[in-house]
Amino acid sequence: MAARNYKKVFYAGVLLLSLAGTVLLATSMGTDYWVQAEVQRDFSSGNISLTREGLMNIGLFKGCKTFHQVARCGFQVTEEDVGRNISYQYSHPMVAATIAFNAGAMLMGLVAACFSAYNVYTNPIETFAGAVGLYIWNGISAVFTLVCLVLYAVLYLMYLNGDDLLTQQEINIEFHVRTSGFGYSYWLLLGALAAFLINEGLVYLSGKHIRSVFQTRSGSMKEQPSEDVLMY
């Protein structure tokens, strides 16, 4: 009984981390800070040097461009607005794949959370509902999340860094990107990946503890002489 209760503690941890990973994935998909950039426009004329700085952030579906003199969202991310070398829309294959794998990771995370709760409150006999199933669901979530990280990193390196974020028209009127990099929406994926990998470790430790308990009990039974043995 004590061993079973100890195992439930591990499964409760798996449940919480599965939910945390799913929330991180959902937040990542729903926020518009996958890429952040500092944008500058040169208004210099003759001997007068004048520049204005602004910020740009984009997500999987839309984004925003803000300059100090116009402190509000200035655009929606479309083919015309962002990306000279890419049709940056959610219909683009790499963007669509990132969204699909993110959604798949969330789905598997929810499945892992459900089966974790099932293991906390019951003692399942089905293989897919027990420890093996938790290995599978969390493993799939981790793999899908890793694919998202790699896909968007490739997308960023190929199409979404530096002046590639600007249209040719913006470059012609002296816009340029000073710095660009991944925003917090992207790094949330790393937190989700860590949560699912930790879950794999918790499931392993729960099984290891149970095996050690049985081995200890087995050894104790062998060492203790039976009281029912008759002495001649």
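Visitor: Just checking my understanding: could you explain a nonpolar patch on the surface for this structure?
Guide: Taken together, the side chains of Val132, Tyr135, Ile136, Tyr204 and Leu205 define a hydrophobic patch exposed on the protein surface, amounting to about 430 Å² of accessible area. Looking at the nonpolar patch, the elements that each hand over two or more residues are α3 (131-159) and α5 (184-223). The element contributing the most residues to the nonpolar patch is α3, with three residues. In this structure, Ile136 sits in helix α3.

Visitor: What exactly am I supposed to notice about the side chain of Asn102 here?
Guide: Along the chain, the position of Asn102 falls in helix α2 (residues 93-121). Ignoring sequence-local partners within four residues, the contact set of Asn102 consists of Leu25, Ser28, Met29, Trp34, Cys148 and Leu189.

Visitor: It is not clear to me how the environment of Lys8 should be interpreted in this structure. Could you clarify?
Guide: Looking at where Lys8 falls in the secondary structure, it is placed in helix α1 (residues 2-30). Each C-alpha atom, one on Lys8 and one on Val120, is 5.0 Å from the other, the two residues being 112 residues apart in sequence. Excluding residues within four positions of it along the chain, Lys8 makes contact with Asn119, Val120, Tyr121 and Thr122.

Visitor: Looking at this model, I keep getting lost on the confidence of the model for the chain. Mind explaining?
Guide: Parts of the prediction with low pLDDT should not have their coordinates interpreted in detail. Considering every residue of the chain, the mean pLDDT works out to 75; 65% of them sit at 70 or more. When pLDDT is averaged over each element of the chain, α3 comes out on top at 91 and helix α4 (residues 168-172) at the bottom at 64. Every residue in residues 75-81 scores below 50 in pLDDT, and together they form 26 contacts with partners more than four places removed in sequence or on other chains. Within the model, pLDDT remains below 50 along residues 209-224, and this stretch shows six contacts once partners closer than five positions in the same chain are excluded.

Visitor: I'm lost on the side chain of Asp32 in this one. Help?
Guide: Examined against the element boundaries, Asp32 turns out to sit in the loop between α1 and β1 (35-42). Those residues in contact with Asp32 that sit more than four places away from it in its chain are Asn57, Ile58, Gly59, Lys62 and Ser185.

Visitor: Could you clarify how one ought to interpret the packing of aromatic side chains in this entry?
Guide: The relative placement of two aromatic rings is captured by the distance of their centres and the angle of their planes. Overall, the coordinates contain 10 aromatic pairs when judged by the stated rule. Relative to Tyr186, the ring of Phe182 lies with its centre 4.1 Å away and its plane at 15°, an arrangement referred to as stacked. When the ring of Phe182 is compared with that of Trp187, the centres are 5.8 Å apart and the planes differ by 85°; the resulting orientation is edge-to-face. Residue Phe182 is classed as partly exposed on the basis of its relative accessible area of 25%. Trp187 sits in the partly exposed class, given a relative accessible area of 45%. Among the aromatic residues, those joined into a ring-pair cluster are Trp34, Tyr152, Tyr156, Phe182, Tyr186 and Trp187.

Rules used in this analysis
- Residues numbered from 1 in each chain as written.
- Predicted model: local features only at pLDDT ≥ 70, side-chain atom pairs only at ≥ 80, totals over all residues.
- Heavy atoms only, no water.
- Patch = residues over 30% accessible without salt bridge, like charges linked within 9 Å, V, L, I, M, F, W, Y side chains within 5 Å.
- Areas by Shrake-Rupley, 256 points an atom, 1.4 Å probe, with all protein chains shown as cover.
- Salt bridge = Lys/Arg side-chain N within 4 Å of Asp/Glu carboxyl O.
- Helix = DSSP H or I, 4+ residues; strand = E, 2+ residues; numbered from the N terminus.
- Contact = heavy atoms within 4.5 Å.
- pLDDT = per-residue confidence, 0-100.
- Phe/Tyr/Trp six-rings, centres within 6.5 Å; stacked < 30°, edge-to-face > 60°.
- Buried < 20%, exposed > 50% of the residue type's maximum accessible area, 1.4 Å probe, protein only.

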